[in-house]
Amino acid sequence: MRLLGLFFLGALVAAGEPRRVVLMEELLRVEAMRSRSFDFPLQQQKAGLELSWTVKEPGATVRVLVIDRRASNSAYDSGYQAAGSRRVTLERAGDYQVTIENRQQRLGNALVDFRMELVFGDDRPVVSTGPTPTRRIGAIATSMALFAIMVTYAGVRLGPAILGRWFRRPV
């Protein structure tokens with residue numbers, strides 16, 4: 001009986017939510033024409049980095065960057081936005097840096113409600129990547145065929161009445 005209980009407990013843990021680590025959940029003040037950076041090493045395994053942010057002042061925007069410091073390239077660049085959320089897959093272990101920039105604002109500061117968390121062991125498949133080219137061409141061809149059928153039907157039903165009205169002799 002105990003073995004069965006341990007089996008169910010193991011199955012529950014294996015089928016449960018992936019392991020999450022909240023790295024940061026703060027209200028940050030980013031001065032105008034400045035940026036704030038946060039370094040975090042990911043030494044053991046690949047993970048998903050979930051970012052979400054909201055700028056509290058109307059009209060203010062910030063840019064969120066995830067930089068792989070070993071490869072010296074950007075893993076994610078949000079562009080300037082007032083709010084957003086994104087899941088960035090970090091494919092390999094390394095040293096990463098998250099930077100929040102406020103370089104468009106000339107005076108004052110931006111208050112950013114920022115949340116950053118790591119998700120381990122969650123390799124979710126892509127839900128939808130859009131229709132394949134074959135399916136897209138089939139949908140276009142079907143739509144055009146249905147439109148042609150409707151135009152033909154309207155022409156057959158309304159054609160004689162329209163022609164009779166156009167070519168009627170005045171009395």
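Keep in mind it's a predicted model, so treat the numbers as computed, not measured.

1. Re the overall build of the protein
- Each helix and strand counted, the protein has 2 helices and 8 strands in total.
- Moving toward the C terminus, one meets the helices and strands of the protein in the order α-β-β-β-β-β-β-β-β-α.
- Counting only residues that meet the buried cut, the protein has 26% of its 171 residues in that class.
- Taking the intrachain contacts of the protein between residues at least 6 apart in sequence as the baseline, contacts between residues at least 24 apart amount to 79%.

2. Quick look at the packing of aromatic side chains
- For the structure shown, the criterion picks out 1 aromatic pair.
- For the ring pair F40 and Y96, a centre distance of 6.0 Å and an interplane angle of 25° mean the geometry is stacked. Of this pair, F40 sits in strand β2 (residues 34-42) while Y96 sits in strand β7 (residues 94-102), placing them 56 residues apart in sequence.
- Looking at F40, the relative accessible area reads 8%, which means it is buried.
- Overall, the relative accessible area of 4% leaves Y96 in the buried class.

3. A few points about unusual backbone geometry
- Its identity as a non-glycine residue notwithstanding, M33 has a phi of 65°, on the positive side.
- Structurally, the position occupied by M33 is in the loop between β1 (19-31) and β2.

4. A word on a nonpolar patch on the surface
- A cluster of nonpolar residues, L158, I162, L163, W166 and F167, forms a patch on the protein surface that exposes about 610 Å² of accessible area.
- Summarising the element assignment, L163 is placed in helix α2 (residues 133-166).

5. Some thoughts on the side chain of N102
- Along the chain, the position of N102 falls in strand β7.
- At 2.9 Å, the side chain of N102 forms a polar contact with the side chain of Q105.
- Discounting chain neighbours no more than four positions away, the residues touching N102 are V30, E31, A32, M33, R34, T61, V62, N109 and A110.

6. Quick notes on the confidence of the model for the protein
- Counting all residues, the mean pLDDT for the protein is 83, and 84% of those residues have values of 70 or more.
- Under a pLDDT of 50 for its full length, residues 3-13 has, in the predicted model, 0 contacts with residues more than four places off or in other chains.

7. A word on the sheet that holds strand β6 (residues 83-90)
- Spatial ordering of the open sheet is given by β1-β8-β3-β6, a layout of 4 strands whose pairing is antiparallel. Whereas interior strands pair on both sides, the edge strands pair on one side only; in this sheet they are β1 and β6. In this sheet, adjacent strand axes meet at a mean angle of 15° when their direction is disregarded.
- Two elements, strand β3 (residues 47-55) and β6, share 8 bridges in a ladder whose sense is antiparallel. Within the sheet, the bridge partner assigned to L49 lies in β6 and is V88.

8. Examining the sheet that holds β2
- The strand order across the open sheet built from 4 strands is β2-β7-β4-β5, with neighbouring strands paired in antiparallel fashion. Two strands bound the open sheet, and with one partner strand each, they are β2 and β5 (73-81). Between one strand axis and the next, the sheet turns through 10° on average, direction left out of account.
- Summarising the sheet, strand β4 (residues 62-68) and β7 pair through 6 bridges and their orientation is antiparallel. Bridge pairing links V66 to V98 in β7.

Reading guide: rules and limits
- Each chain has its residues counted from 1, running along the sequence as written.
- pLDDT decides what is reported in this predicted model: residues at 70 or higher carry local features, side-chain atom pairs at 80 or more are listed and counted, and totals for whole chains, interfaces and linings draw on all residues regardless.
- Heavy atoms from the whole structure form the basis of all side-chain values; hydrogens and water molecules are not counted.
- Numbering of helices and strands runs from the N terminus, with a helix taken as a DSSP run of H or I at least four residues long and a strand as a DSSP run of E at least two residues long.
- Burial classification: accessible surface area is computed with a 1.4 Å probe over protein chains only, and a residue below 20% of its type maximum counts as buried, one above 50% as exposed, and the rest as partly exposed.
- Contacts were defined at the residue level, with two residues in contact if any of their heavy atoms lie within 4.5 Å.
- Whether two aromatic rings pair depends on their centres lying within 6.5 Å, for rings of Phe, Tyr and Trp, where Trp uses its six-membered ring; planes under 30 degrees apart make the pair stacked, over 60 edge-to-face, and the rest tilted.
- In this scheme, patches are assembled from residues that exceed 30% relative accessible area and form no salt bridge. Like charges are connected within 9 Å, while nonpolar side chains (Val, Leu, Ile, Met, Phe, Trp, Tyr) are connected within 5 Å.
- Computed with the Shrake-Rupley method and a 1.4 Å probe, the accessible areas treat only the protein chains shown as cover for residues.
- What makes a salt bridge here is a side-chain nitrogen of Lys or Arg within 4 Å of a carboxyl oxygen of Asp or Glu, nothing more.
- A 3.5 Å cut-off defines polar contacts: any pair of N or O atoms within that distance qualifies, except that in protein one atom must be a possible hydrogen donor and the other a possible acceptor, and neighbouring residues in sequence count only when both atoms are side-chain atoms.
- Predictor confidence is given residue by residue as pLDDT, running from a minimum of 0 to a maximum of 100.
- Note on pairing: DSSP must find at least two bridges between two strands before they are called paired.
- Note on geometry: axes are lines fitted to C-alpha atoms, helical ones only across the stretch in contact, with angles between N-to-C directions running from 0 to 180 degrees.

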